[in-house]
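Residue-level structure breakdown
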Amino acid sequence: MLLTDDDPAVFSLVRPAGASPYLLAVDHAGRALPRRLGDLGVSAAALATHIASDLGIAEVARRVAQHLDAWLILQNYSRLVIDVNRPPGTPQSILTLSERTRVPGNEQLSQVDAASREREIFAPYHARIRQELDRRAAAERPTALCALHSFTPSFLGEARPWHVGVLYNRDPRLGRALLAGLRRDPALVVGDNEPYAVSDETDFTVVTHAERRGIPYVEIEIRQDPIADDAGQARWAQRLTGLLQEAYASAP
């Protein structure tokens, strides 16, 4: 066993009885490390940066859930333990190098130890999302999935100009509607599948839970500096709330 009774829960739920059609998911909300893994050989300073979690996005998501009355799940463990938005077994699932930071605790990881991270962290998180989607499907309740992330203002020394990115893959309905809404604000630089794009190789949450079920979805990436404080988080939550409602109403 990897996790003990003293370790944090794998995920947290907010507004589990939410009435909104939106189901919100934050894959990289937390930076907890299982006690048995120590610090993975990574400094406390590095663990406080974007390599360990998506800074600011959990606070934005909590506000959006409150405004929309939406079901929200937040995954509490650092992506350095296992990335729950990457297919298990792929190179990006358990990193040995994150940007320029080595992760010694992930080097020469045995298949048994990798499997325990998948079984005890990855699997319960996705099982809970699946359970909620099954419940809604059984009730014939309309549902849209919104995955929320944040990204660092620069990566490997290259500045990123986008304030926000809208990501989608096979089903662009909700993504394009949200993209149009965001681009009405001339002050925003809005990425269309930038700085990342959804694919079967690089994403798990929206591909598995939305595309394979045929439900509308969108993945949102917000740059971390505009949501670094309470005021910015509140401002972005208010903006997204209105635009998500509008996108859901207008998407074909």
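Here, the structure is the one placed above.
Criteria and thresholds
- Residues numbered from 1 in each chain as written.
- Predicted model: local features only at pLDDT ≥ 70, side-chain atom pairs only at ≥ 80, totals over all residues.
- Heavy atoms only, no water.
- Helix = DSSP H or I, 4+ residues; strand = E, 2+ residues; numbered from the N terminus.
- Rg over C-alpha atoms; globule rule 2.2 N^0.38 Å.
- Buried < 20%, exposed > 50% of the residue type's maximum accessible area, 1.4 Å probe, protein only.
- Contact = heavy atoms within 4.5 Å.
- Areas by Shrake-Rupley, 256 points an atom, 1.4 Å probe, with all protein chains shown as cover.
- Lys, Arg positive; Asp, Glu negative; His and termini not counted.
- Charge placed at Lys NZ, Arg CZ, Asp CG, Glu CD.
- Pairing = 2+ DSSP bridges.
- Axes fitted to C-alpha atoms, helices over the stretch in contact; angles between N-to-C directions.
- Core = buried A, V, L, I, M, F, W, Y, C linked by side-chain atoms within 4.5 Å.
- Phe/Tyr/Trp six-rings, centres within 6.5 Å; stacked < 30°, edge-to-face > 60°.
- Lys NZ or Arg CZ within 6 Å of the ring centre and 35° of its normal.
- 1 Å grid on protein atoms, 1.4 Å probe; cavity = no way out; pocket = protein on both sides within 12 Å on 5 of 7 lines; lining within 4 Å.
- Points joined across faces, edges and corners; volume = space filled by probe spheres on them.
- Nonpolar A, V, L, I, M, F, W, Y, C, P; charged D, E, K, R; others polar.

Turning to the overall build of the chain, a few remarks are in order. When you go through the chain residue by residue, the secondary structure sums to six helices and eleven strands. Whereas a compact globule of 252 residues would reach a radius of gyration of roughly 18 Å, the chain reaches 17 Å, a difference of no more than 12%. The dimensions of the chain, computed from C-alpha atoms along their principal axes, are 50 × 45 × 30 Å. Looking at the chain as a whole, 53% of its 252 residues qualify as buried. Within the chain, contacts between residues separated by at least 24 positions form 81% of all contacts whose residues are at least 6 apart in sequence. Looking at the chain as shown, the accessible area adds up to about 11100 Å², and 51% of this sits on carbon and sulfur atoms. Positive and negative side-chain charges in the chain, numbering 28 and 32 respectively, have mean positions lying 3 Å apart.

Taken together, the seven strands give an open sheet; going across it, the order is β1-β3-β2-β6-β11-β9-β10, and neighbouring strands pair in mixed fashion. If you trace the sheet from one side to the other, it starts and ends with β1 (11–14) and β10 (190–192), each paired once. Ignoring strand direction, the axes of neighbouring strands in this sheet form an average angle of 20 degrees. Bridge count for strand β9 (residues 164–167) against strand β11 (residues 217–223) is four bridges, and the pairing is antiparallel. For V166, the partnering residue across the bridge sits in β11 and is I220. In this fold helix α3 (residues 111–138) packs onto β1, β2 (22–26) and β3 (71–75), with an angle of close to 170 degrees to the strand it touches most, β3. Running at roughly 40 degrees to β11, helix α4 (residues 173–182) makes contact with β2, β6 (144–151), β9, β10 and β11 of the sheet.

This brings us to the nonpolar core. Ranked by size, the top nonpolar core spans 75 residues in total, and within it Y22, I220 and L244 carry the most contacts. In terms of residue count, the dominant contributor to this core is helix α2 (residues 57–68) (seven residues). Not counting chain neighbours up to four residues away, the residues in contact with I220 comprise C146, A147, L148, H149, V164, G165, L178, L240 and L244.

Let's shift gears to the packing of aromatic side chains. Overall, the coordinates contain two aromatic pairs when judged by the stated rule. Here F122 and F204 contribute two aromatic rings whose centre-to-centre distance is 4.9 Å and whose plane-to-plane angle is 70 degrees, an arrangement assigned as edge-to-face. In this pair, F122 sits in helix α3 while F204 sits in the loop between β10 and α5 (205–211), placing the two residues 82 residues apart along the sequence. Using a relative accessible area of 6% as the deciding quantity, one classes F122 as buried. The residue whose ring lies beneath R239 is W236, and the NZ or CZ to ring-centre distance is 4.3 Å.

What follows deals with the layout of surface pockets. When its volume is computed, the largest pocket comes out at roughly 580 Å³. Around the largest pocket, the lining is made up of 27 residues, and of these R79, R86, Q92, F155 and Y196 lie nearest the centre. Elements represented by at least two residues in the lining of the largest pocket include exactly β4 (97–98), β6 and β11. In terms of residues, the lining of the largest pocket owes the most to one element, β6, which gives three residues. One number sums up the size of the second largest pocket: a volume of about 160 Å³. Residue lining of the second largest pocket: I82, P88, G89, T90, P91, S93, I94, L109, A114, A115 and E118, and that is the complete set. Broken down by class, the residue content of the lining of the second largest pocket amounts to seven nonpolar, three polar and one charged.

Purely spatial values, then, with no claim about function.
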